[in-house]
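Results of the structural survey
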Amino acid sequence: MKSLQISLPGLDMKNPIMPASGCFGFGREFSQLFDLSQLGAIMIKATTYEPRFGNPTPRVAETTAGMLNAIGLQNPGLEKVMNEELPWLDQFDVPIIANVAGSQEEDYIAVAKEISKASNVHALELNISCPNVKIGGIAFGTIPEVAKDLTKKVKEVSEVPIYVKLSPNVTNIVEMAKAVEDGGADGLTMINTLVGMRIDLKSGKPILANKTGGLSGPAIKPVAIRMIHEVSQNVSLPIIGMGGVQSAEDVIEYYYAGASAVAVGTANFVDPFVCPTIIEELPELVRRLGFDHISECTGRSWKNG
Amino acid sequence: MIKKELCQIVSQAEIAEHIFMLTLQGELVREMNEPGQFVHLKIAQHFEPLLRRPISISDIQKDKNQFTMIYRAEGRGTALLSEKKPGDVVDVLGPLGNGFPIHEAKPGETALLVGGGIGIPPLFELSKQLVKQGVNVIHVLGFQSANVVFYEDEFTKLGETYVATVDGSYGTKGFVTNIIEDRKLTFDVLYSCGPTPMLKALENNYLDKKVYLSLEERMGCGIGACFACVCHTGDDPTGYTYKKVCSDGPVFKAGEVLL
């Protein structure tokens, strides 16, 4: 497994595979199925300062090769995550990436400051791209100056490196990436979901109670690949790629595009064992493709030679 | 213990209009104990349809390592499932969720099992297990119309059975609640699965009784991780506390969650 070991800001990982935030809860359910210590890292469910119930149901709708979700950042709030979820996760030998969300600047700062003190939180993922909350969320992720400013303020209070999660719902993703790089981000995670809608044929109304939701799954993989291909050539931050990853082959495609690690989202719902399966299959694929180490694959689609 | 297994189809038949009975064989049957649990089926190997389909278990045959489901072919996923033949395999995750508490009904007591439409199937295994422990069972089954009535004979073999159809084309015209009231059916414990308006009516009518309801909700993962099937609790109807239908339910005591 030496061919998979990697180091990114704040993260020394056995392998570059981790479940994406919102697709793994706080790990409790999956811990009944496999040993979470096998994972490279875990991106836990978005944490806000106050608890959130989230949106009314229906919260999910299936689409062609994908799904829409509008959960609405349901979470037990900072205090419970600090006192219950993170201590529970401490039994596993795996770095935690805490996804930080909010509806105003002060929320992000307060959560980042506290949660970055937890001993097993090795990095933060700044969620400036959730499409399912009415206030904040995506606004921070679509205006470069606002994103830069927020990154800077969170960076000042955080005790661990910050990865900013970029939204694909922008005209110019490179501009956003450069802005958060200027703001002092240590890395990027991309992409969050694409805003979408499905309408029920019988009722003539949107299926999701929230009307719109975030599109994820294999359907969005080409969009993510294109965006990572573009961003990785224009910023010098490491990128954790995500969007429709289902197999070891998908992981390599993300690496070729320019990623340095890969998160698995929707696929966890389809096959709860998908992360350990990918981790098991990756070394052989890396070897078969003629590499000694997976990091040699990063940016191969645009690098010379 | 939740398992994932490729289970082989033993048989599949259309038992009423668009209603299919599917029997699968696999090792994970050993994990199935409670009536009212469900399995999550991946119907196609690839991306279409992407998500699993939650389907309740209607009959467990431990001696043969087989279990049966009865489902309605309605959307893309279930339509594809209905085309599968004996010998084909289906990717099954399960058993999932918490089923009906059968020991709430003591030997010699009477349990009323009330089902609506495609909510009826899990009541069959429930009835079998209740009868086995000496509980007297009464079934009240509601359907839209005669063409979708199924399993009346099977239930009748286990106990008293009444059928209602909304359009009156079979059995009593009306709803299951009409039958219970008109026939003055009495019981010690009520178990139900079906459409939410039916569950609400039962909950309101029998506030002083032991009532257990099985809920249906759109699900993502089926194991409690995605927060798609969350509902408010009865104690805290507008607050932050919640239950997940897939992993805390699908069976709840009446009043435990907000319908």
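Not measured: the values here are computed from a predicted model.

Attention now goes to the UniProt feature "binding site: substrate" (unreviewed entry) in chain A. Mapped onto the present numbering, the UniProt feature "binding site: substrate" (unreviewed entry) falls on K45, N69, A70, I71, G72, L73, N127, N192 and T193 of chain A. Among the residues just listed, K45, N69, I71, G72, L73, N127, N192 and T193 of chain A line the largest cavity. Inspection of the secondary structure assignment puts K45 of chain A in strand β4 (residues 42-47). Taking relative accessible area as the criterion, K45 of chain A reaches 5% and is therefore assigned buried. Dropping the residues within four chain positions of it, K45 of chain A is found in contact with S21, G22, G25, F26, I71, Q74 and N99 of chain A together with F227 of chain B. Structurally, the position occupied by I71 of chain A is in the loop between β6 (66-69) and α2 (78-89).

Residue and element names in this part refer to chain B. Domain annotation of chain B identifies domain 1 (1-94) and domain 2 (108-213). In this assembly, 16 residues from domain 1 lie in contact with 13 residues from domain 2. At the surface where domain 1 touches domain 2, the tally comes to 1 salt bridge. As a salt-bridge pair, K128 and D59 come within 2.3 Å of each other at their nearest N and O atoms. Counting across the domain 1 and domain 2 interface gives 6 residue pairs in polar contact (both at pLDDT 80 or more). Within the residue set of the side of domain 1 that touches domain 2, elements represented by two or more residues are β1 (3-16), β2 (19-25), β5 (59-61) and β6 (66-72). Counting residues per element, the side of domain 1 that touches domain 2 draws most heavily on β6, at 3 residues.

Conventions adopted
Residues numbered from 1 in each chain as written. Chains lettered and ligands numbered in written order. Predicted model: local features only at pLDDT ≥ 70, side-chain atom pairs only at ≥ 80, totals over all residues. Heavy atoms only, no water. UniProt positions renumbered as here; feature names shortened; annotations may be inferred. 1 Å grid on protein atoms, 1.4 Å probe; cavity = no way out; pocket = protein on both sides within 12 Å on 5 of 7 lines; lining within 4 Å. Helix = DSSP H or I, 4+ residues; strand = E, 2+ residues; numbered from the N terminus. Buried < 20%, exposed > 50% of the residue type's maximum accessible area, 1.4 Å probe, protein only. Contact = heavy atoms within 4.5 Å. Domains from an automatic or database assignment. Salt bridge = Lys/Arg side-chain N within 4 Å of Asp/Glu carboxyl O. Polar contact = N/O pair within 3.5 Å; in protein donor to acceptor, adjacent residues only side chain to side chain.

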